[in-house]
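In case you want the letters, here they are:
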Amino acid sequence: MREYRKIKLIMNELLDYFYNSGMTQANIHFGLFDHQSEITITGQIDSEPSDLDFVIEKLRATQQPEVEDYYEDLLGLRDDEFHVDVLSALIDVVEYDFEDNIMMLKAIRKHH
């Protein structure tokens, strides 16, 4: 479960970067496998972000397990609890479907 929470944190940070770069719609695909996790984000954007080369260079830096352990504790990543009460306070409409072993969930938050 901890790997999922880490991938979720990475995904949220990447979405923030894309949003701040002008992307307002994105398709997200993630996979958790035995030895690695993958995230792919695609979407339309007007122009290449001016800091993209810098960001890619930083993201390609060597992973630092000792820093990761420190931030796990700091950010509460070892807490595997699902915070449905917090989500319910933030979401206005939920649509879902489960058919032929395909699950779809769409959460809508109206801007108040």
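Placed above this text is the structure.
These notes cover the structure that comes with them. What you are looking at is a predicted structure, and each value in this text was computed from that prediction instead of being measured.

Check the secondary structure of the protein chain and you find four helices and four strands. Secondary structure elements of the protein chain, listed N to C terminal, follow the sequence α-β-β-α-α-α-β-β. Across the 112 residues that make up the protein chain, the buried fraction comes to 11%. Intrachain contacts of the protein chain at a sequence separation of at least 6 include 38% that bridge at least 24 residues. If you sum the accessible surface of the protein chain, you get close to 9900 Å²; carbon and sulfur atoms cover 52% of it.

Counted by the stated rule, this structure contains one aromatic pair. Here Y17 and F18 contribute two aromatic rings whose centre-to-centre distance is 6.0 Å and whose plane-to-plane angle is 70°, an arrangement assigned as edge-to-face. Residue class for F18 comes out partly exposed when judged on its relative accessible area of 24%.

With that out of the way, let us pick up a nonpolar patch on the surface. A contiguous nonpolar surface patch, about 300 Å² in accessible area, is contributed by V67, Y70 and Y71. Relative to the helices and strands, V67 is located in helix α3 (residues 65–75).

Bringing helix α1 (residues 2–20) into the picture now. End to end, α1 covers 27 Å across 19 residues, agreeing with the expected 27 Å (1.5 Å per residue, within 8%). Inspection of α1 places R5, K6, I7, M11 and Y17 among the buried residues, and these make up the whole buried set. Two residues or fewer after α1 comes G22, characterised by a positive phi angle close to 110°.

Let us now look at the pairing of strand β1 (residues 27–32). Direction of pairing for β1 relative to strand β2 (residues 37–42): antiparallel, over a ladder of six bridges. The partner of G31 across the bridge, within β2, is E38. Here β1 folds back onto β2 in antiparallel fashion, the turn holding four residues.

Reading the values: rules and limits
- Residues numbered from 1 in each chain as written.
- Predicted model: local features only at pLDDT ≥ 70, side-chain atom pairs only at ≥ 80, totals over all residues.
- Heavy atoms only, no water.
- Helix = DSSP H or I, 4+ residues; strand = E, 2+ residues; numbered from the N terminus.
- Buried < 20%, exposed > 50% of the residue type's maximum accessible area, 1.4 Å probe, protein only.
- Contact = heavy atoms within 4.5 Å.
- Areas by Shrake-Rupley, 256 points an atom, 1.4 Å probe, with all protein chains shown as cover.
- Phe/Tyr/Trp six-rings, centres within 6.5 Å; stacked < 30°, edge-to-face > 60°.
- Patch = residues over 30% accessible without salt bridge, like charges linked within 9 Å, V, L, I, M, F, W, Y side chains within 5 Å.
- Salt bridge = Lys/Arg side-chain N within 4 Å of Asp/Glu carboxyl O.
- Expected span 1.5 Å × (residues − 1).
- Pairing = 2+ DSSP bridges.

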